[in-house]
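Chain and residue survey
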Amino acid sequence: MIGNIEQLLKVLGTRTPEAVEAAKALAKKGVPALCLPLKRPESLSSPQGRHAIARLLFVTDISKIMSNLLDAIASKDWRPVQTAGDVLYAMGRRSAPILIKYLETEKRSEGKINAMFVLQRISTDEAGKAIEKIALTDKDPNVRSVAVMTLGMIGAFSSKDTVVKVLRDKSLDVRFSAVKSAGYLRIKEAAKQIVKIVEKEKDPKVKAVGIYSLDRIGNPEVAKDILGFLKDSDAYVRWSAAVALRRIWNDSCRPILKKMKDPDKVVASAILETMQICCSK
Amino acid sequence: MSKIEIYDLHTAVSGPCLEDPKKLTSEKFSEIFSKCRHGIRLLSMDGRNEAGKYPVSSVMQMKKVIDCLEGKMLGFVTVNPYFLEEGLEAMELGVKKLNMKAIGEMVQYMENWVTDEYMVLPVVKKAGDLDVPINFHAGGEDHVEGVVHLAESFPKTKFIMAHFGGRAWRFAAKLLKNFKIRNVWVELNIPDPKDPRCPIPSTIEMVRAAVDCVDIDHIVFGTDFNISPGLDYQFGNRLLDVLETMKMKDRDMEKICSLNAKKILKVR
């Protein structure tokens, strides 16, 4: 395909097979031209164009394009973020040290958040230390929230103390991400603190997520608190509590659970199953 | 190894073939798979986008297509939890009377519900009661998380995690391993090796992660292929290429290609 760079960028943004040809033609004009779409989001509007650019960037000498990729993941527009993120993800664990270094110096919240999203997908716990610092000190609660969640998702078991500290963050959203993270990392000592956070929560869906974290942690010291959630007005919360008791069981639950008659079929069935599982232990 | 049999647990029959099952004759079916260096049997669902809105008629139509293909295809029951009562009825009818072998694909991303939300719980329980696996779309972290939550909550139900979580496969592997989930079967597809981002070594890493997180007995093959005359199916060849490159033992290859599927679907 012949054309000047502006024409090629325009074709690249179309949902046509020509978008792929335009990407190839840009690549032939050299690395700066191939990286140009990352700075021109409208040229990445079609999936064909985005995928073609990502494929071509991936086979280019990474050292020549890395600064462009890292700049693109800090964009406020999703299209360069997705395209650059795709390349960094496809690099697999090779991109981890680069992203970790980037996290130590990057100032923009978008950049930090999107770098952590890539690290979540690569799922490497090498990133734990760099992310811990962000979870504790970043000014932006959105960044702290993603950071503490990432610690759980990448299985950073050595970061347990940090997650416990973040359970006291001043932002409710951040605290709730820490609740989820504590569930991934099964932090037994966080259970009581999580109960307090869940008790104050009003949204039943969020409450249920908190109970699921307690379920994963499996600390029987909070069994009575879980029983309390069986009186919640929301059926999903009660169901979550009934299921959680299977791992958080202690024998004092038995007489209380035996008397429970839940009006909701799904919850009643979960209580029955919990009784069957736990009473045969 | 002599010609191996492959069970593809994740295909769909396209709308036109469902409207007129004669469009998918046994000969046309064979043409689609003519370039395969393996025998093939498919587990298929209704490929129409809104099939879950009319699950009973959908499962009956699916049965007609299956009957035309002399045992080359088995069926899913397609359910949308927004239409719960009819969905449960279709599951009962499909599994008990029409010999359907699984439920799914549960497509939360298309129907706009959350993988583990309240309204889906009766569907999951019913699949467990009927003792058939339930296939959930899993193309990202949220879906993976939802499937794992349901699997932990319904230990008697067998789950198939479609696409092995898509790009979130490393996260899926980590969760399944860390929480020792034993009732999830990982569905592998083999990406196109012509895409430079998916070279065979990275696919091998994915297969190894699957073996490591759920063991060789919990891996099945599924492609999301939409069956329509004129198309050319070669996914099974890609699977064999990868497993052969890995120098996998014959018995383990057989497990991934078909034995695990036969066991979970209870077919001979």
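Residues numbered from 1 in each chain as written. Chains lettered and ligands numbered in written order. Predicted model: local features only at pLDDT ≥ 70, side-chain atom pairs only at ≥ 80, totals over all residues.

**Section: the overall build of chain A**
So the rule is basically this: Here a strand is any run of E in DSSP of at least two residues, a helix any run of H or I of at least four, and the numbering for each starts at the N terminus. Here the globule rule reads 2.2 Å times residues to the power 0.38, and the radius of gyration is calculated from C-alpha atoms. Exposure in this text rests on C-beta crowding, where 20 or more other C-beta atoms within 10 Å of a residue's own make it buried, 12 or fewer make it exposed, and counts in between make it partly exposed. The C-beta atoms are placed from the backbone. Working definition of a contact: two residues with C-beta atoms, positioned from the backbone, lying within 7 Å.
Scanning chain A for helices and strands turns up 18 helices and 0 strands. The globule rule puts the C-alpha radius of gyration for 281 residues at 19 Å, and the 24 Å found for chain A is more than 25% above it. Once the C-alpha set of chain A is aligned to its principal axes, its extents read approximately 80 × 40 × 30 Å. Out of the 281 residues belonging to chain A, those deemed buried represent 52%. For chain A, contacts bridging at least 24 residues in sequence account for 65% of all contacts bridging at least 6.

**What to know about unusual backbone geometry**
Residues and elements named next belong to chain B. The omega angle of the peptide bond from Gly-104 to Glu-105 is -15°, so this bond is cis rather than trans. Structurally, the position occupied by Glu-105 is in strand S4 (residues 102-106). One non-glycine residue, Asn-99, lies in the positive phi region at around 65°. With respect to the helices and strands, the residue Asn-99 is situated in the loop between helix H4 (84-97) and S4. You will see that Asp-215, though not glycine, has its phi angle at about 80°, which is positive. Within the secondary structure, Asp-215 sits in the loop between helix H9 (200-214) and strand S8 (219-221).

**Some remarks on the environment of A:Ala235**
By secondary structure assignment, the location of A:Ala235 is in helix H16 (residues 235-244). With sequence-adjacent residues up to four places away left out, A:Ala235 is seen in contact with A:Asp264, A:Val266, A:Val267 and B:Tyr118.

**Considering the interface of chain B and chain A**
What counts, and what does not: Nonpolar residues are Ala, Val, Leu, Ile, Met, Phe, Trp, Tyr, Cys and Pro. Charged residues are Asp, Glu, Lys and Arg, and all others, Gly as well, are polar.
At the junction of the two partners, chain B supplies 17 residues and chain A supplies 20 residues. With 4 residues, helix H8 (residues 169-178) of chain B is the single largest residue contributor to the side of chain B that touches chain A. Considered class by class, the residues forming the side of chain B that touches chain A number 6 nonpolar, 4 polar and 7 charged.

**Some remarks on the environment of B:Ala168**
Its location among the elements puts B:Ala168 in the loop between strand S6 (159-161) and H8. Take B:Ala168: there are 24 C-beta atoms within 10 Å of it, and that puts it in the buried class. For the pair B:Ala168 and B:Val144, spaced 24 residues apart in the sequence, the C-alpha separation amounts to 7.6 Å. Leave out the neighbours within four places in its chain, and B:Ala168 touches A:Arg121, B:Gly140, B:Glu141 and B:Val144.

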